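Topology and contacts: notes
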Amino acid sequence: MYNGHKAEFLEELTSGSNEDRKSKDFISKLAEKHGLRLSEAENIASFYTHSEGKVKVCRGLPCSLKSTGIERELLAKYPDEELEDVSCLGYCDKAPVAWSQGKYYQLGNGGTKELEKQPYGSDFREVKDLKEFLELNGYETLISFLKKNNRDEVLQMVNDLNLRGFGGAGFPVYIKWKAVSASNEQKKFLLVNAHEGEPGTFKDRILMETNPYELLEASLIAALVVGADEIIIALKHEYLQAENTLKSAFEKSMDFFHSSGVDTALPKMRIMRVPGYYITGEESALMEAIEGKRSEPRLRPPYPAEIGLFGKPTLIDNVETLLYFLGRLREYSKDWSKIPGTKSYCLTGDVKNPGAYILPYGSPALDLISKKGGSNLSDLKAILPGGLSGGILTSAEGNVKLEFDSIKAHGAGMGTGSMIAISKDRCMVDVMDSIEEFFERESCGKCMPCRYGTKELSSLFENLKHGEATGKDIENAKRTADVMMKGSICGLGQASARMFLDSLKYFQEELDEHVSGKCPSNVCFQEAR
Amino acid sequence: MTMKIYIDGTAFSAEENQSIMDAVKSTGLEIPNLCSYNGHDNGVCRLCMVEVGKPPRMVPSCSTKITENMEIKTRSETLDDYRKGLITVIMKDHPQHSGSDGEKCKLETYAEEFNVEVERPHPAMDVTIDSSHPGILYDPAKCILCRKCVIACDFDQVNEVISISDRGQNSRIAFDLDVPMGDSKCVSCGACVDSCPTGALIEKGWEPADRTAVTICPYCAVGCSVEYGIKDNKIIWARGYNESDVNHGKLCVKGKFGFEFEMSRYRLTVPLVRKRPGERGPLNGRSIDEVFRPVSWDEAIDIMAREILNARSVHGRQSIGGIACDRATNEDVFAFQKFMRAAVGTDNVDQSATLCHAPSASMLSYATGAGASTNSIKDVRVARTILMAGSNVDRAHPVLYSEIKKAAKKGVNLIIVDPRKVELSRLANRHLLLRPGTDSVLFSAMARYILDNELADRDFISSRTEGFDAFRDSLAPFTLEFASRVTGIPENEIAEVARTYATQTPSVIFWTLGITEHENGSDNVSSLINLALITGNVGKPGTGLSPIRGQNNVQGGADMGAVAGSLPGYQPFFDNGVREKFQKSWSSELPEFQGWKSTEMIEAARKGMLKLLYITGENSVRSHPDSEGAVAALKKLDFLAVQDIFMTETAEYADLVLPAASSYEKSGTFTNTERRVQLVNKIFDPPGEAKPDWKIYSELAEKLNFDMKFGSSSDIMEEIASLIPSYAGISHERLMSKGLQWPVKDKNHTGTDLLHTDSFIRGKGRFRIISWREKDPSEIHTYPYSLIIGRQREHYHTSTMTSRSKVISLIEGGGFIEMNPDDMRKENFSTGEEIEIQSKTGRIRGKVKENNDVPSGVLFTTFHYSDLPTNTLTPDTYDPPTKTPAYKDTRVKVTKIR
Ligand SMILES: Cc1cc2nc3c(=O)[nH]c(=O)nc-3n(C[C@H](O)[C@H](O)[C@H](O)COP(=O)(O)O)c2cc1C
Ligand code: SF4
Ligand code: SF4
Ligand code: SF4
Ligand code: FES
C-alpha cells in the first residue's frame, strides 16, 4: 500500500545504534522495509539525530549558568560524534547535567556523579506502590465517576473553575474539552503532553516519577469526560525512568481495574517516549513526531480538537494540567471553591536551593525565591518567571503572584511556572546571548520569521558580546522582533522576540554600554584584555 | 455559495471555502508571497499577512479562509512595515541575491519594491553548487527554504525526490538520501525549477526571455500547455502553464527539455528531389547534398502533381495512397484527407493510429458509438478503483501518471495488469503480472466471475445494453482455473481483482498499447469494454473506458477522418446522406471504394499494387513492423514523397522530400486523449522555406485543379465545424481562452467531459464476443522469449524530435535490451554485452542489461534508437479487424556472440 509506516520507521531508526544512524545503507533498507521513499526517509532521519548510543550534554540556561566550563573535559573519554549538545534534559536543579543510556550525571567540579536515586525534595511524597496509592483514596474518584458518568457536571466544573493549561500557553481548559467532547467521531485521542522541554522545567517528570498513579487516574477521567477512546502519554526521549515507572504502575493498575470489574469501560492507554527537541513540546509538533514525521508545528486552523493525531479529534493537555484538574475534582464535594489548589513550581539559576516546590497556586514570587529558594530578592538582577518563554521581570517585581493574570499584568508570562533567577553579578548581554542562541538552535526552521529572526537576534548578542554591534543593529533587530511576534507560526519564534524586547525594556542601558565597548558586569570582553 | 467580503473597503462577492489570498487574487490583486502553491497549504514564508476585522488582526492570507462579511486590508502601514522587515531579515541571510537574478528572483523583486536595504549581512554561506544534473543547477546559497519545490516534486508530481533535510538553521533541500541531484531518482520534469521563487533551482544557462508564448506541447496526447521563453527568436526555456485545465502547470521531461528540435540545424528547409531517381535507399553516411538536389516549391509541386496524374492515369486512383501525420494539427489532417479524397480521388488514407490504438477506437465505436475515451483525466480523482492495463504511463504519459499517483496516495484501489513490473507497481494494491498477450482471457474470466457471483449491475445490463445473453453464454470456457493456467495468475487474485472492480465503484479502466498491439488487440479491448458494461462502470463520474492515446493529435487524426472507410467525424463512408453532404461541400465526387489501412498500403506496395505513396510525418521505416519488409515495399514504389520536419530514415528513401512547419510554426488545434480540442499557437515563422502542411496540400490540390478553399487554418476549422457534428460548436476564437471537449454541439455548448450518461451514443451498449486461440507450442519452443517493445520516459517514438535535445540526450544515452537476471544467468550474459536477437522475421544485435522488473521469459526494449532498430524483429502479424501490428509480443530467441 502506498503511504508507508513512518511511525514504525522512526521508532526503529531511533532505537538503532550510532553506527546504524550514520549508514545510508541502513536507512535505505529501513525505508524499504517500512514502505517509505528515500526522500521521505531522508526527511525524517535527518531531523532526528537520536540514537540510544548518544551522550547528551545539557546547554539549557540553568545548566549553562552553572557551567564550570569543564563539562566537555569530563566527557573526554567519549568520541566527539557520540556527544550531543541538547537544550534541556529536565534535571535543571542538578545543573550542569549530562545523560547517557537513560541515566543522568551531574558534571560538577568534583567530576561526573551519577544521579541515581533522586531526592525529589520534601514537597513531593513518593507513592511507592498501588497499595499506598489506594490507601490515599487513589482511583476512588475514577470509580465514582464511572458510576455516575456525570460528564456534563464535570465539564461545568472545569468551566466554573476557569482552569488554565500549565503547558505554557495558559489556554482555558474548558474550551478544548468542550470542543473534543462535542465531536461525534468514533475515534478520539487524549494526548498527555509529557514532552517537557522548557529550560528550567522538570516538575512534570517529578510528578510522574513520584506518583505515576495520579497521572493515570487523571488521564483516564479526562479521556472519559471528553469521550476519547485512546490515551497516549508522550514523554520526552530522555525520560526513561518516568516511562518505566508509569508503565509498571499501569500494569498493576490494570489488575486492580480488572478485579474491580471496570477495566472494560476504560480507554486504551499507550505510554511512549517520543524523540524530539524543545519544539516537540509544542502540541502540533508533538503529534507530528508521534506520527513519525518531522516534529514541526502544523498550521492552525484546523485545531487538534477537530483534526489532531492521525487526523482524529484530539485533546492535548499538559501533565500538570490534568493533575491539577484531578486535585480540584477530588475537592469538588467539599467547599472546593475556597481552596485554591496547589501547583508545583520550579526554581533554578542563581538561588541557594534550586528545586521543585509545591505552593498554593498564586503565591507571591517572593515566597518561592526566599522561603523555598533561600535567596534574597535583592541579590537578583532579573527573574524569568516562565522558563525562557515567559519574558523577563526585574527583582523589583518580586511581589508578583505566580499565576497567569498577575504575571501578565506585569508584562510577562507564567508559562510552565518555572522560574530562573539571574544574579546581580551577571551580564544581561551574556545571559541573553545564551537565551537567543537557544532559540536559534531550537527553531525548527519551518517558518521564515523565526528561522531568519532567531539567527539575527542570536548574532546581535554575539556581536554585542564582542563589542561589534551598533545602535543601528539593535534598532534593526527590533523591527525583526516585531516581524517574529506577528508572523511566526508557533510560540517559539514569538518567545525569542519577546525575550529580546523585554531585555531592551529593562536593560537597554546595559546593551548600549556594550555598543560602546563596556561591560558593566565585567563579564564580556575578558579575552581581549 | 458566495460570500460577501470587503477588500480594502470595497465589497466583493467571492466563492466560499477559499483562502483570502485566492479571493483577493480573483479580483486581480496579488498579495506578496514567497511560498504559496496552488492547491496546497504551505504557509511558511509568512509574507502573505493581511489584516482582518476590527480591531485589525494579522493573519496569513494563504492559509486563512474567508468568512461572511470579512473585512480584509491588504495595505496598511503596519503591513508595509511587516513586509519590509521580513524581506530585510531574509535578504540579510542571502547576500548572494544582489540584483543579478533579475526576474527569476521574487525575493529581489520584493526587496526593490519595498526599498529594502540590508545592513550587516550574515557571512555568505559556504556551500557548493550542485551541477550534477544535465539540465538543472541547484545553488543552496540562494535557497530560502520556501518548500515549493518539495510540494512540486512530492505532492504535485508525486515524484518524491526532494525533501527538507536536517533541521532548523541547517535545513536545506536534499535529493533522495542526500545525493547529488544528478544521481537521484529525479525524472527531470522540471516542476521544482518552475516553482522555485529564487532561482536556487534553475535551468542550466537560464536567461531572461524577450517574450513568452503559450502553446500545446508537441509530444504526447495528454496535451499539456507549455509557456515558452523566447529570445532572439529561439526558445530558451519552457515551463508548465498554470492556467491549463489539463496539466495545471506540470510537465514531463519531454515538455520541459524537448523543445530544441525546433531550432535544430538538421531541420529541413527546402524541398529536395532525389538526384538519381530509382536509386532509393538510405544515405549511408552520404551528405544530403550528395543524394538530393534542392528545388523551388514550384518545381516540387509540379513534380508531385505530375507523378500523381501519371499514376492515376496509368494505374488508377487506387494505386495512390497517403499516410497522415498525427503530430500535425486537426486542420492539417483534415486538409490531407480532403486532398486525398477530393483532389486525388482515393480513400487510401490512414494515420498512425493503425500502429497503436486503432483497436481501441474501433471497438469502442462498435460498443458505444464513439471511438474515444468515455471520460476525462479528472475522473481519476473521483474513482474508487483504477484498473491500469498494459500501460507504461510512468514513461509514456508522466503528467497523467502524477494524477494516478495522487489518487493512489489518497487510497484509491489501484490494480495493475502488465507482464512487467512498472514504476506504478509500488503504489498498487495488486499487480497482476500476466503472461504477455493473455489479457483477454484474464478479463473474460473476471467477467464470468462477476456474473457467477451476482456482482454485476443487473439494471444497467437490462436497460442499457444489448447482446447480453449471447455474451454470457460465450463466457463458459473462461473459468478461473482456465484463466489461471493461461495467464499464470493465481485464481484467488483474479477473483479478488474482479470483486474489487465490480464492487468498489466507481471504477475506471485505463489502457494503452500493451492491450492493443497484439494479434488479438481488438479482443483485448472488447474484453475490457464488456467488463465495464456488466458492472455499469461507464457514463458516470469516476467510471470509464479510457484508452490513453499516444501522439499529441492521434485522437484528432481519427476524428478528422484520415482513416480509410471513415469520413470525418467517423461518419460512415457508404451512407448516402453523409456522402451527399461531403460531396456538396467539396463540390467533388467521393471515391467509390474503401481504401487501405497503412499496414495494408505497405503490403500493397510490396505486391506492386500501390505505386505512389505520400507519407507525412511518419517514420515508417522504423515504426512499422518487419522493417526490412517495409523497406522492400518502399523501394518497390514508383514514387515516394515524404513530408517531414527532419530527414528521417523514411525520408532518406524518398524521391521527393517536402519541408514542413512544426507545431511551433503554425496555428491550429490538437485533440487530446480526453477529446479536448486545444489551440496551437504559432510562435515563429517556419525555418527556411518550410510550410504548414495544409498549405502544401492546398497548393498541390490547385495544381490538380481542385480548389480546397482554405485561406487560413481557422477557415479549415470552420469547415470542420460545418461537417462534423461533434465539432459543430468549435472555432479558433472560442478556444482562445480554454480548450473544449467534444461533442460541442453548437456555439453555446460548453463541451462534454462525460459521454454516454443517459444512453450510449449508438443507443445501447453492445457486447462483443471474443474467443481465444493458444499460441503454437512449436513456435514457443524455437523462440522461447517474448519481446515487448515499449518506450522510455525521455524519448518519443523514433526520437526524431527528442534526440535533438542536448539535455535529453545527456539524461538517456542509448538503447538496451532488458532481461531478467535469472535468464541472463541461464544464457550466460552479462550487462553491457552485445547479443543477437532473432525472430522469424529478422535479427538485430544490441547490448543487454539486467533488469529485475522484467519477468523471466520476457525481453523488453524500445524503438527509440536508430542503432537498435527493434522493429526489424516484429513480424507482420496483425490484429485482424484493425490491422494493428503485434509489437508487444514477438517470439524471439537470443544468442551469444562469440
Ligand atoms: C515552543 C513550545 C514548546 C512547548 N513545550 C511544551 C512542553 O514542554 N510541555 C507542555 O506541556 N506544553 C508545551 N507547550 C505548549 C503546548 O503547545 C500546548 O499548549 C500544551 O501542551 C497544551 O496543554 P495545556 O493546555 O494543558 O497547557 C509548548 C509550546 C511551544 C510553543
Ligand atoms: S516559530 Fe520557529 S519553531 Fe515555530 S514553526 Fe516557526 S520556525 Fe518552527
Ligand atoms: S525535476 Fe522533477 S523529479 Fe526532478 S527533482 Fe525536480 S520536481 Fe523532482
Ligand atoms: S530550492 Fe527554491 S523552491 Fe526549493 S526551497 Fe529553495 S527557494 Fe524554495
Ligand atoms: S504565502 Fe502564505 S505563508 Fe507563504
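Model, not experiment: these values are computed from the prediction.

Conventions we followed
- Residues numbered from 1 in each chain as written.
- Chains lettered and ligands numbered in written order.
- Predicted model: local features only at pLDDT ≥ 70, side-chain atom pairs only at ≥ 80, totals over all residues.
- Heavy atoms only, no water.
- Helix = DSSP H or I, 4+ residues; strand = E, 2+ residues; numbered from the N terminus.
- Buried < 20%, exposed > 50% of the residue type's maximum accessible area, 1.4 Å probe, protein only.
- Contact = heavy atoms within 4.5 Å.
- Polar contact = N/O pair within 3.5 Å; in protein donor to acceptor, adjacent residues only side chain to side chain.
- Core = buried A, V, L, I, M, F, W, Y, C linked by side-chain atoms within 4.5 Å.
- Near = heavy atom within 4 Å.
- Nonpolar A, V, L, I, M, F, W, Y, C, P; charged D, E, K, R; others polar.
- Axes fitted to C-alpha atoms, helices over the stretch in contact; angles between N-to-C directions.
- Parallel < 35°, antiparallel > 145°, perpendicular 65-115°, else oblique.
- Left-handed = near helix turned anticlockwise from the far one by under 90°.
- Domains from an automatic or database assignment.
- Pairing = 2+ DSSP bridges.

As a further point, take the environment of Gly60(A). Residue and element names in this part refer to chain A. Tracing the backbone shows Gly 60 in the loop between strand 1 (55-58) and helix 5 (61-65). By relative accessible area, Gly 60 is classed as buried at 1%. The spacing of Gly 60 and Thr 49 is 11 residues in sequence and 18 Å in space, taken between C-alpha atoms. Beyond its immediate chain neighbours, meaning those up to four positions away, Gly 60 contacts Val 86 and Ser 87.

Glancing now at the side chain of His749(B). Residue and element names in this part refer to chain B. On the secondary structure map, His 749 appears in the loop between strand 30 (740-741) and strand 31 (765-766). In terms of polar contacts, His 749 uses its side chain to reach the backbone carbonyl oxygen of Pro 743, at 3.5 Å. Aside from chain neighbours lying at most four places away, what touches His 749 is Arg 734, Pro 743 and Val 744.

This part covers the nonpolar core. Residues and elements named next belong to chain A. Judged by nonpolar contacts, the single largest core of 94 residues is most densely connected at Trp 177, Met 208, Leu 215, Leu 216, Ile 233, Leu 235 and Phe 325. Ranked by the residues each element gives to this core, the list is headed by helix 12 (residues 212-226), at 11 residues. If we skip the residues at most four places from it in the chain, Leu 235 touches Ala 194, His 195, Met 208, Ala 242, Glu 243, Leu 246, Ile 271, Met 272, Arg 273 and Val 274.

Once that is clear, we can look at the site of ligand 1. Residues and elements named next belong to chain A. Contacts to ligand 1 come from 19 residues, most closely from Gly 167, Lys 176, Asp 317, Asn 318 and Thr 321. Within the backbone of Gly 281, a nitrogen or oxygen atom sits 3.3 Å from a nitrogen atom of ligand 1. Among the elements of the structure, strand 9 (314-318) and helix 21 (491-515) are those that each provide at least two residues to the shell around ligand 1. Here the shell around ligand 1 takes 3 residues from strand 9, the largest share from any one element. Partitioning the shell around ligand 1 into residue classes produces 5 nonpolar, 9 polar and 5 charged.

The next thing to look at is the packing of helix 22 (residues 598-606) of chain B against helix 24 (residues 627-636) of chain B. All names here are of chain B. Where helix 22 contacts helix 24, the two axes come as close as 7 Å, and the packing angle between them is 60 degrees. Judged by the angle between their axes, helix 22 and helix 24 are oblique. Seen from above, helix 22 lies across helix 24 with left-handed handedness. The residues of helix 24 that touch helix 22, namely those facing Ile 602, Ala 605 and Arg 606, are Gly 629, Ala 630, Ala 633, Leu 634 and Lys 636. Class assignment for the residues of the contact of helix 22 with helix 24 results in 5 nonpolar, 1 polar and 2 charged.

So, on to the site of ligand 2. Near ligand 2 lie 13 residues; those nearest to it are Ile279(A), Cys444(A), Cys447(A), Cys450(A) and Cys490(A). Counted by class, the shell around ligand 2 contains 8 nonpolar, 4 polar and 1 charged residues.

As far as domains go, chain A holds domain 1 (5-48), domain 2 (55-117), domain 3 (130-330), domain 4 (342-422) and domain 5 (428-515). Look at where the C-alpha atoms of domain 1 of chain A and domain 2 of chain A centre, and you get two points 28 Å apart.

Right, let's talk about the sheet that holds strand 11 (residues 225-231) of chain B for a bit. Residues and elements named next belong to chain B. Strands sit in the order 10-11-12 across an open sheet of 3 strands; the sheet is antiparallel. The open sheet has two free edges, formed respectively by strand 10 (211-216) and strand 12 (234-240), since each of these has just one partner strand. Adjacent strand axes in the sheet meet at a mean angle of 30 degrees, parallel and antiparallel pairs treated alike. Judged from the 6 bridges that link them, strand 10 and strand 11 form a sheet pairing that is antiparallel. Across the sheet, residue Ala 213 finds its bridge partner in strand 11, namely Tyr 228.

Another aspect to go through is the sheet that holds strand 28 (residues 668-671) of chain B. Pairing between sheet strands relies on hydrogen bonds along the backbone, with the strands arranged either parallel or antiparallel. Residues and elements named next belong to chain B. In spatial order, the strands read 28-29-30; together these 3 strands make up an open sheet with antiparallel pairing. What marks the edges here is a single partner per strand, and that holds for strand 28 and strand 30. Pairing between strand 28 and strand 29 (residues 676-680): 4 bridges, direction antiparallel. Pairing of Phe 670 across the sheet is with Gln 678, part of strand 29. Contacts between helix 9 (residues 330-344) and the sheet are confined to strand 28 and strand 29, with strand 28 contributing the most and set at about 95 degrees to the helix.

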